[in-house]
Amino acid sequence: MKPKKTNMATKTWEMMQCSREALGATCMQKIFSRGQSQINRYCSSPQHEDHQRNPLDRLHLLFSKLEEEGEKELVIAALNHLCSSVGYRIQEQQEIIPDKLTVEEECLDDYPEKVELDRLIAINAAPELVRRQGEQTCREIMETVTSYEEHCKKNGYK
């Protein structure tokens with residue numbers, strides 16, 4: 001394994017350039033089934049005349065369109081697939097906000113998610129589906145925990 005390097009790329013074309021430097025142009029050509037000229041276009045700054053939208057930009061566009069169509073879970077599944085190559089999973093950035101008015105309602109909201117998790121396990125569903133449902137169940141439970149914490153603050157509990 002090579003030593004860890006700090007990568008300063010922030011734009012997708014810079015990421016593509018760094019990839020080409022790390023892997024070599026021939027490897028990039030094989031991965032994308034494209035010729036040298038096309039790989040160079042992917043790696044060029046948008047200021048260049050022959051720049052083209054690279055695969056990272058295209059994935060971003062695809063995921064944005066899917067999310068607009070209500071397919072957020074599909075986007076999450078695709079991102080987790082991509083992240084799995086380096087041993088990661090995606091995680092929500094936003095703060096967990098309860099979606100029910102009371103702690104009791106939040107508690108009741110947890111059950112369907114847990115039941116679905118148990119059902120998937122009982123039918124030997126694909127591990128990725130079970131993992132995804134487990135994460136959804138955890139989100140619901142954290143909404144309940146957050147609701148309870150807010151309730152305690154409001155009522156002066158310690």
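Reading guide: rules and limits
- Residues numbered from 1 in each chain as written.
- Predicted model: local features only at pLDDT ≥ 70, side-chain atom pairs only at ≥ 80, totals over all residues.
- Heavy atoms only, no water.
- Core = buried A, V, L, I, M, F, W, Y, C linked by side-chain atoms within 4.5 Å.
- Buried < 20%, exposed > 50% of the residue type's maximum accessible area, 1.4 Å probe, protein only.
- Contact = heavy atoms within 4.5 Å.
- Helix = DSSP H or I, 4+ residues; strand = E, 2+ residues; numbered from the N terminus.
- Axes fitted to C-alpha atoms, helices over the stretch in contact; angles between N-to-C directions.
- Parallel < 35°, antiparallel > 145°, perpendicular 65-115°, else oblique.
- Left-handed = near helix turned anticlockwise from the far one by under 90°.
- Nonpolar A, V, L, I, M, F, W, Y, C, P; charged D, E, K, R; others polar.
- Phe/Tyr/Trp six-rings, centres within 6.5 Å; stacked < 30°, edge-to-face > 60°.
- Patch = residues over 30% accessible without salt bridge, like charges linked within 9 Å, V, L, I, M, F, W, Y side chains within 5 Å.
- Areas by Shrake-Rupley, 256 points an atom, 1.4 Å probe, with all protein chains shown as cover.
- Salt bridge = Lys/Arg side-chain N within 4 Å of Asp/Glu carboxyl O.
- Lys, Arg positive; Asp, Glu negative; His and termini not counted.
- Charge placed at Lys NZ, Arg CZ, Asp CG, Glu CD.
- Polar contact = N/O pair within 3.5 Å; in protein donor to acceptor, adjacent residues only side chain to side chain.

Caption draft 1: Structural context of the nonpolar core. In terms of nonpolar packing, the biggest core is built from 5 residues, these being Met16, Met28, Ile39, Tyr42 and Cys43. The contacts of Met16, once residues within four sequence positions are left out, are Met28, Phe32, Tyr42, Cys43, Asn54, Pro55 and Leu56.

Caption draft 2: Expanded view of unusual backbone geometry. One non-glycine residue with positive phi stands out, namely Ser33, at about 50°. Topologically, Ser33 is positioned in the loop between α2 (25-32) and α3 (36-42). At Asn124, a position not held by glycine, the phi torsion is positive, near 55°. Relative to the helices and strands, Asn124 is located in the loop between α6 (103-122) and α7 (127-154). Overall, Asn124 belongs to the exposed group, its relative accessible area being 70%.

Caption draft 3: A look at the packing of α6 against α7. Put simply, α6 and α7 touch, their axes get as near as 9 Å, and they point 165° apart. Classed by the angle they form, the pair α6 and α7 counts as roughly antiparallel. Handedness of the α6/α7 crossing: left-handed. Residues of the contact of α6 with α7, tallied by class, amount to 9 nonpolar, 7 polar and 8 charged.

Caption draft 4: Representation of the packing of aromatic side chains in the model. Across all of its chains, the model carries 1 aromatic pair by this definition. Measuring from centroid to centroid gives 6.0 Å for Phe32 and Tyr42, while their planes differ by 75°, and the two rings are edge-to-face. Pair noted here: Phe32 is in helix α2 and Tyr42 is in helix α3, with a separation of 10 residues, a long-range link. Accessibility expressed as a relative area gives 7% for Tyr42, which makes it buried.

Caption draft 5: Structural view of a negative patch on the surface. A cluster of like negative charges, contributed by Glu67, Glu68, Glu69 and Glu71, occupies part of the molecular surface. With respect to the secondary-structure elements, Glu69 resides in the loop between α4 (55-68) and α5 (72-83). The exposed category is assigned to Glu69, whose relative accessible area is 65%.

Caption draft 6: Summary view of the side chain of Asn54. By the secondary structure assignment, Asn54 is in the loop between α3 and α4. Looking at Asn54, the relative accessible area reads 0%, which means it is buried. Engagement of the side chain of Asn54 in a polar contact is seen with the backbone nitrogen of Leu56, the distance being 2.8 Å. Residues contacting Asn54, with those up to four places away along its chain left out, are Thr12, Trp13, Met16 and Tyr42.

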